[in-house]
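# Chains, contacts and geometry: an overview
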Amino acid sequence: MTTPLQEEKVFKDPVHKYIYVQDQTIWDLINTKEFQRLRRIRQLGTCFLTFHGAEHSRFSHSLGVYEVTRKIISQFERNKYEDWPREERLLCLCASLLHDVGHGPFSHSIEKTFGTHHEEWSCRIVLGDTEVNRILRRVSPTFPQQVAGVIAKTYHQEIVVSLVSSQLDADRMDYLLRDAYFTGVNYGTFDLERILRVMRPYQGHIVVKESGMHAVEDYLMSRYQMYWQVYFHPVTRSADVLLHNIFQRAKHLHEEGFAFRFLLHPLPNLFRQKMTVHDHFLMDEAFMQMVLMQWSFEEDLVLSDLCTRFLQRQLLKYVTLEKIDAWQIERLRDQMRSFGIDPDYYLDIDFPSDLSYDVYRPGEQDEKLPILLLDSQDTLTEISRKSEIVRSISGIHMGKYHLYYPRELLLNHADKLDKNLRKLLDL
């Protein structure tokens, strides 16, 4: 079991004003080396190249998710709701705090290249030979497995999982507010306190009083706007494409036996996909920035150029397309090869459905529990059945293709490009 702190600890926070820690277990987890590592992982990856204020960390976000969860549980306990399993309080708090502990540097780009997932790493850290695991085992021998179950969304109580991972969860509510604050946009703001007041535990679900529907509509609209204006910003996506291609090139060179001038541990294990929990701990963004700097001096011209582009923000340009003409793209690839430009690393097609954030689309995301409204007759209804606003934004698929290419390189060969390709790329 856990014990309360002799004196409550408080973190000053720009989003929630204060974050309160009342349990010894939570305080000890925050002070583990695995959790402190999150200070060295940006919350929004490459977004800082588009929104210069987006330098906030996974550490601050994880504390924020914990605080939102703590507020929700406190509200449930104050109102003495019978459907809330009070014995699960510490489990919810620990899972919310640790849900992102497995994120790596520029996480989603690395995950795409090497086929890993941060939730799997979070579970490995919770279950492995780590400081986090040792602290969780003080609660009970099976407590690490319970925390991992919540993170993996396999825990037997849906109501516990939904606080951390659902369409209206503590994770989303914190990152929308936090990301909006640090990027300097207004799209992500909504009335968090109102939403917390109308949330209820009911028959094994987390539900919302129907009278609070408009606050949830505002939350979903904020999420929709952040989706298109921040998370899918085409300049940020250009940086992601560049970073993904860097890792692809480095992985290919390693498989071909290329003699890197700079290949510190644990990079060989990353390329072989044999990373240990300790290897993962060493991989933070300070380490990866140093790797990119060193690789910018490698003899392989493609790797060197890609790294230089990323470090100096010389990103690939893009054109927006309604649809993709496969024959035209293949012709462009052929012409790029004839100019000595490798299209595998300098040409990319991006579409929002490939990305890790999502808008609310009921019925399309089985792993994310939907938002349920509770009316005065104690009937549950999925929110889009009652809200025209939610129906309208959940039905919109406004994604367009972005074709990324090295504009300045192709300009050098513009006179040799097909006329239709010059028009396509606006050269």
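Residues numbered from 1 in each chain as written. Predicted model: local features only at pLDDT ≥ 70, side-chain atom pairs only at ≥ 80, totals over all residues. Heavy atoms only, no water.

### Focus on helix 17 (residues 301-311)
Convention followed: Each residue's exposure class comes from its accessible area (1.4 Å probe, protein chains only) as a fraction of the maximum for that residue type: buried when under 20%, exposed when over 50%, partly exposed otherwise. Helix numbering and strand numbering both begin at the N terminus, where a helix is a DSSP run of H or I of at least 4 residues and a strand a DSSP run of E of at least 2. Residues are treated as being in contact if the distance between any of their heavy atoms lies within 4.5 Å.
Of all the residues in helix 17, the buried ones are Val 302, Leu 303, Ser 304, Leu 306, Cys 307, Arg 309 and Phe 310. Residues of helix 17 that are buried make contact with helix 13 (234-255), helix 16 (285-295), helix 19 (343-346) and helix 21 (407-411). Residue Arg 313 follows helix 17 closely and has a positive phi angle near 55 degrees.

### Looking at the state of the cysteines
For clarity, the cut-off: Throughout, disulfides are identified as pairs of cysteine sulfur atoms within 2.5 Å of each other.
Summed over all chains, the structure comprises zero disulfides. Cysteine Cys 94 remains unbridged, with the sulfur of Cys 92 as its closest cysteine sulfur at 9.6 Å.

### Looking at the domain arrangement of the chain
Condition: For the domains described, the bounds stem from an automatic or database domain assignment.
Assigned domains within the chain: domain 1 (4-230), domain 2 (234-313) and domain 3 (316-356 + 397-426). Between domain 1 and domain 3, the C-alpha centre-to-centre distance is 39 Å.

### Considering the sheet that holds strand 8 (residues 380-382)
Across a sheet, paired strands are connected by hydrogen bonds in the backbone, their directions being either parallel or antiparallel. What counts here: DSSP calls a pair of strands paired once it identifies at least 2 bridges connecting them. To obtain each axis, a line is fitted to C-alpha atoms, and for helices this fit is confined to the stretch in contact; angles are then taken between N-to-C directions over 0 to 180 degrees.
Judged by pairing direction, the sheet is mixed, and its four strands sit side by side in the order 3-4-7-8 without closing on themselves. Across the chains shown, the open sheet's two edge strands, defined by having one partner strand only, are strand 3 (199-202) and strand 8. For this sheet, the mean angle separating the axes of adjacent strands, direction not counted, is 45 degrees. When strand 3 meets strand 4 (residues 205-209), the two strands line up antiparallel, connected through four bridges. Each residue of the ladder has a partner; that of Met 199, found in strand 4, is Val 208.

### Considerations on the nonpolar core
Stated formally: Residues belong to one nonpolar core when they are buried, are Ala, Val, Leu, Ile, Met, Phe, Trp, Tyr or Cys, and are joined through side-chain atoms within 4.5 Å.
In terms of nonpolar packing, the biggest core is built from 136 residues, with Val 147, Met 173, Tyr 219 and Trp 295 touching the most fellow members. Not counting the four nearest positions on each side in its chain, Trp 295 is found in contact with Ile 246, Ala 250, Phe 260, Phe 262, Leu 263, Leu 267, Phe 271, Leu 303, Ser 304 and Cys 307.

### As for helix 5 (residues 107-114)
Within helix 5, six of the eight residues are buried, which leaves it mostly tucked inside the rest of the structure. Along helix 5, the residues classified as buried are Ser 107, Ser 109, Ile 110, Glu 111, Thr 113 and Phe 114. Close packing links the buried residues of helix 5 with helix 6 (118-127), helix 13, helix 14 (267-272) and helix 16. Directly after helix 5, the chain includes Gly 115, whose backbone phi takes a positive value near 65 degrees.

### Points about the UniProt feature "domain: HD" (unreviewed entry) in the chain
Basically, it comes down to this: UniProt positions are given in the numbering used here, feature names are shortened, and annotations may be inferred rather than shown by experiment.
Following the UniProt record, the feature "domain: HD" (unreviewed entry) maps to residues 58-176 here. In this annotation, residues 58-176 is assigned 68% helix and 0% strand; the end-to-end C-alpha distance for the span is 13 Å.

### Some thoughts on the packing of aromatic side chains
Put simply, the rule is: Pairing of aromatic side chains requires ring centres within 6.5 Å, counting the rings of Phe and Tyr and the six-membered ring of Trp. Pairs whose planes differ by under 30 degrees are stacked, by over 60 edge-to-face, and all others tilted. Consider the ring centre and the ring normal. A charge sits over the ring if Lys NZ or Arg CZ is within 6 Å of that centre and within 35 degrees of that normal.
Overall, the coordinates contain 20 aromatic pairs when judged by the stated rule. Both rings, one in Phe 258 and one in Phe 260, keep their centres 5.0 Å apart while their planes meet at 90 degrees; by these two values the pair is edge-to-face. Their ring planes at 50 degrees and their centres at 5.8 Å tell us that Tyr 318 and Tyr 404 sit as a pair that is tilted. Within this pair, whereas Tyr 318 is found in strand 5 (residues 317-321), its partner Tyr 404 is found in strand 9 (residues 401-405), the two being separated by 86 residues in sequence. Site record: aromatic cluster; members linked through ring pairs are Phe 114, Phe 247, Phe 258, Phe 260, Phe 271 and Trp 295. We note Lys 12 situated over the ring of Tyr 18; from NZ or CZ to the ring centre the distance is 4.8 Å.

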